Each structure stands twice: as structure tokens, then as C-alpha cells.
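Close look at the chain arrangement
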Amino acid sequence: MSRFMRGGEDKAVNKDGRSKIRALVVDDSMVNRTIHHKLLQNLGIENQVVGNGKEAVDAHSSGNYFDLILMDMDMPVMNGIEATRRLRAMGVRSLIAGVTTRSLEQEKQEFMEAGLDDYQEKPLTAAKLVSIIHKINQSSSTPR
């Protein structure tokens, strides 16, 4: 089964026959949520935003599926490291990209070990986002 299928259901498809990418933005900063939402929207990517890791876990628990999760590290209620661990433990196979202002190697390593597929320092730019999306497109035919 492709990583972009869930429970036998195919992803939505664009008019040109290509699969639509769905993303989840997880960040406690309204400014960052808005910027990331608009960057994704400008690239034609349907996306939903939540304010902490628990909300991200809850979104998946309620049956939503995302191809890409942009995960902040420092958030109240549940941080990005714990949320990433829980999502992976639930079997979530989405590409999870950590997006944070933290640059200490030890913190980055802990975040990666939680189950990240990619790590980007803020600010997230269109070029960084295209790089992440390219990884989705490269692996869309390869099961994880």
C-alpha cells in the first residue's frame, strides 16, 4: 500500500490526475501558523492548522490524514518531540518535518530521533517548503 493511501481510500486527485497533497501545520505561534498556511496555500496545498502537538495527535485520532506535517518543537500542552513520537507510535506514516528556531545539535538530534523525516530552521521559506514537498513526490511511489 502506498504511504498516501489510508484504509484503502485513495487520496483526492487534481484535475490533471495528480494527487493533491494535504498538510497539517502544528505551531503555537499564530504568526507562524498564518505564514506556513499561506506558503502552503500559495503552492496549491490544502492545509489545516493546529496550535500544539496534542491537537495534531487528536486530528489524526479523529480520522484525518495528512501527507505532510510541519511540526514546531516548542509548544505548550504537548511539544513537537512528544507529538512526533506519539504519531509514529500510532502508525502515522506522513512525512513529518520539524520546523523550529532551535539550532542546538542535541535538540535537533532528539527531534530527529523522535521520528522526523526532515528538519528546517525557521523562518520557513517557499524554497525550504518546495524542498520538503520534493521529498514527498520522490517517495510517493515507495512505501515507507
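Per chain, residue numbering runs from 1 following the sequence as it is written. Selection of residues for local features in this predicted model requires a pLDDT of at least 70, selection of side-chain atom pairs for listing and counting requires 80 or more, and totals for whole chains, interfaces and linings are taken over all residues. In computing side-chain values, all of the structure's heavy atoms are included and hydrogens and water are not.

1. What about the overall build of the protein?
- Summing up its helical and strand segments, the protein has 5 helices and 5 strands in all.
- Helix numbers and strand numbers start at the N terminus; a helix is a DSSP run of H or I with at least 4 residues, a strand a run of E with at least 2. Its helices and strands in sequence order give the protein the pattern β-α-β-α-β-α-β-α-β-α, from N to C terminus.
- Buried means the residue's accessible area, taken with a 1.4 Å probe over protein chains only, is under 20% of the maximum for its type, while exposed means over 50%, and partly exposed covers the values in between. Split into buried and exposed, the 144 residues of the protein put 44% on the buried side.
- Within the protein, contacts between residues separated by at least 24 positions form 62% of all contacts whose residues are at least 6 apart in sequence.
- Note on areas: Shrake-Rupley with a 1.4 Å probe; residue coverage comes only from the protein chains shown. When the accessible area of the protein is evaluated, it comes to approximately 7,600 Å², of which 50% is carbon and sulfur surface. In what follows, a contact means two residues having at least one pair of non-hydrogen atoms within 4.5 Å.

2. Side note on the nonpolar core
- What makes a nonpolar core is a set of buried Ala, Val, Leu, Ile, Met, Phe, Trp, Tyr and Cys residues whose side-chain atoms join them at distances within 4.5 Å. Of all hydrophobic cores here, the largest spans 21 residues; its most connected members are L24, V26, I69, M71, L87 and F111.
- For this core, the secondary-structure elements that each account for two or more residues are β1 (22-26), α2 (53-61), β3 (68-71) and α3 (80-89).
- For F111, the residues in contact, after removing those within four places along its chain, are M71, D72, M73, G80, I81, T84, G98, V99, L116 and Y119.
- In terms of nonpolar packing, the next biggest core, distinct from the first, is built from 16 residues, V25, L39, L68 and L95 among them.

3. Here we look at the pattern of salt bridges
- Put simply, a salt bridge is a Lys or Arg side-chain nitrogen that is within 4 Å of an Asp or Glu carboxyl oxygen. Applying the stated criterion to the full structure yields 8 salt bridges.
- Its salt-bridge partner being R22, residue E46 comes within 3.0 Å of it at the nearest N-O pair. Placement of the pair is E46 in strand β2 (residues 46-50) and R22 in strand β1, with a sequence separation of 24 residues.
- One salt bridge in this structure joins D118 and K135, with 2.3 Å as the shortest N-O distance. Taken together, the residues span a long stretch of sequence, with D118 in strand β5 (residues 118-121) and K135 in helix α5 (residues 126-139) at a distance of 17 residues.
- Given a relative accessible area of 30%, K135 falls into the partly exposed group.
- Salt bridges linked by common partners bring D27, D72 and K122 together as one network.

4. Observations regarding the confidence of the model for the protein
- Residue-level confidence of the predictor is what pLDDT reports, using numbers from 0 through 100. Looking at the protein, pLDDT values average 85 and 83% of them are 70 or higher.
- A low-confidence stretch, residues 1-17 (pLDDT under 50), is modelled with 36 contacts involving residues beyond four sequence positions or located in other chains.

5. Side note on the environment of A126
- Within the secondary structure layout, A126 lies in helix α5.
- A C-alpha to C-alpha distance of 10.0 Å links A126 and K38, two positions 88 residues apart in sequence.

6. Let's talk about the pairing of β2
- If DSSP finds at least two bridges between two strands, the strands pair. With 5 bridges connecting them, β1 and β2 associate as parallel partners. Note that in β2 the partner of L24 across the bridge is Q48.
- With its strands directed away from the observer, a crossover is right-handed exactly when the path from the first strand over the helix to the second travels clockwise. Between the parallel pair β1 and β2, the chain is carried across by helix α1 (residues 30-42), and the sense of this crossover is right-handed.

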